[in-house]
Amino acid sequence: MAAAASSPAVLPISNPQTTTTTTSENTQQTITGVGPTPALRSFINRISDTIRGGLSNRRPWSELVDRSAFSKPESVSDATLRIRKNYSYFRTNYLSLIAVVLAFSLITNPFSLILLTGLLAAWLFLYLFRPSDPPLVLFGRQFSERETLGVLIVSTVVVIFLTSVGSVLVSALMVGLAIVCTHAAFRAPEDLFLDEQESPATGFLSFLSAAAAGPAVAARV
């Protein structure tokens, strides 16, 4: 009896391996959940591939600024013909110039840049790449897909037309187009050899119609 009473108590033994495994699995799930969605990754990859492909098709800038090729157009019809031919040949270069003018205008107007970046992020993460189920919940209120689209459209109209963003974008586009049209009208295209089989849809910003279509449809499905 005395020996039995003096025997030490048996303590429960936990399994540290199971705890470590569970913690590792939870950490992996957390890291996986934080990463970008497959639709967003596909969209970014398409944009990157399209931009790289477009820039690889650009003409040498030395041809664009060749002084010996500049001459005054004989008439308005001659200037129009030059613009068409030069745009077909220097399409990627011209779009790059317009993009540079747009970027410079937005950088010099940080308020417009912040508004435009926020608007783009809202479209991407609240509508294009957000699954329709479960519905969006903001500030304790649940929004259906139609309500989310309506709010985004109204926000876009307000940002573009009721703030300085619209005037900055329009001014930059007008300046870029003026530069492109002036160069194309005074640049004689006789020394240019354009491949007639080249697709007219190929360009620096063609991802706007190609890259966004696939991921957007997949995200809504």
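Since this is a predicted model, take the numbers as computed values, not measurements. (Residues numbered from 1 in each chain as written. Predicted model: local features only at pLDDT ≥ 70, side-chain atom pairs only at ≥ 80, totals over all residues. Heavy atoms only, no water.)

Asker: Now, about the overall build of the protein: what can you tell me, with residues and values included?
Answerer: Scanning the protein from N- to C-terminus turns up eleven helices and two strands. The linear arrangement of helices and strands in the protein, starting from the amino end, is α-α-α-α-α-α-α-β-β-α-α-α-α. In the protein, once contacts between residues fewer than 6 apart in sequence are set aside, the share between residues at least 24 apart is 84%. About 15100 Å² of surface is accessible on the protein, with carbon and sulfur atoms providing 68% of the total. (Helix = DSSP H or I, 4+ residues; strand = E, 2+ residues; numbered from the N terminus. Contact = heavy atoms within 4.5 Å. Areas by Shrake-Rupley, 256 points an atom, 1.4 Å probe, with all protein chains shown as cover.)

Asker: How would you summarise the pattern of salt bridges if you had to cite specific residues and measurements?
Answerer: Under the defined criterion, the tally for this structure stands at one salt bridge. Its salt-bridge partner being Asp78, residue Arg82 comes within 3.7 Å of it at the nearest N-O pair. Here Asp78 and Arg82 lie together in helix 5 (residues 76-89), a separation of four residues that amounts to about one turn. According to the relative accessible area criterion, Arg82 is buried, its value standing at 7%. (Salt bridge = Lys/Arg side-chain N within 4 Å of Asp/Glu carboxyl O. Buried < 20%, exposed > 50% of the residue type's maximum accessible area, 1.4 Å probe, protein only.)

Asker: Tell me about helix 8 (residues 145-161), and name the residues and values.
Answerer: Helix length check: helix 8 (17 residues) gives 24 Å between terminal C-alpha atoms against 24 Å at 1.5 Å per residue, within 8%. Along helix 8, the residues classified as buried are Thr148, Leu152 and Val159. With its buried residues spanning 35° around the axis, helix 8 presents them on a single face. Away from the buried face of helix 8 by more than 90 degrees, exposed residues Arg146, Val154 and Phe161 are located. Buried residues along helix 8 sit in contact with helix 7 (110-128), strand 1 (136-138), strand 2 (141-143) and helix 9 (164-186). (Expected span 1.5 Å × (residues − 1). Arc of directions from axis to C-beta.)

Asker: Summarise the side chain of Ser96; cite the residues concerned and give the values.
Answerer: With respect to the helices and strands, Ser96 occurs in helix 6 (residues 91-107). Look at Ser96 and you get buried, because its relative accessible area is 12%.

Asker: Any details on the environment of Phe111? Residues and values, ideally.
Answerer: In this fold, Phe111 is placed in helix 7. Residue classification places Phe111 among the exposed positions, given a relative accessible area of 54%. In the structure, Phe111 is positioned 53 residues away from Ser164 in sequence and 8.3 Å away in space, judged by C-alpha atoms.

Asker: Describe helix 7, naming the residues involved and giving the relevant values.
Answerer: Between the first and last C-alpha of helix 7 there are 25 Å, a value that for 19 residues agrees with the 27 Å anticipated at 1.5 Å per step. Burial in helix 7 covers these residues: Ser112, Leu119, Ala122, Leu124 and Tyr127.

Asker: Give a detailed account of the nonpolar core, specifying residues and quantitative values.
Answerer: Counting eight residues, the largest nonpolar core is built from Leu64, Tyr89, Phe90, Tyr94, Ile98, Val180, Ala184 and Leu192. The set of elements that each furnish at least two residues to this core consists of helix 6 and helix 9. (Core = buried A, V, L, I, M, F, W, Y, C linked by side-chain atoms within 4.5 Å.)

Asker: Break down the environment of Ser112 for me, with residues and values.
Answerer: If you trace the backbone, Ser112 turns up in helix 7. Among all residues touching Ser112, those that are not within four sequence positions of it are Leu106, Ser164, Val165 and Val168.

Asker: How would you summarise the UniProt feature "transmembrane region" (unreviewed entry) in the protein if you had to cite specific residues and measurements?
Answerer: Those residues carrying the UniProt feature "transmembrane region" (unreviewed entry) are residues 89-107 and 149-180 in this numbering. Span residues 89-107 is 95% helix and 0% strand, its end C-alpha atoms 29 Å apart. Along residues 149-180, the helical share is 94% and the strand share 0%, with 36 Å between the first and last C-alpha atoms. (UniProt positions renumbered as here; feature names shortened; annotations may be inferred.)

Asker: Lay out the side chain of Asn86 with the relevant residues and their values.
Answerer: Of note, Asn86 is situated in helix 5. Those residues in contact with Asn86 that lie beyond four places of it in its chain are Arg91, Tyr94, Ala184, Arg187, Pro189 and Leu192.

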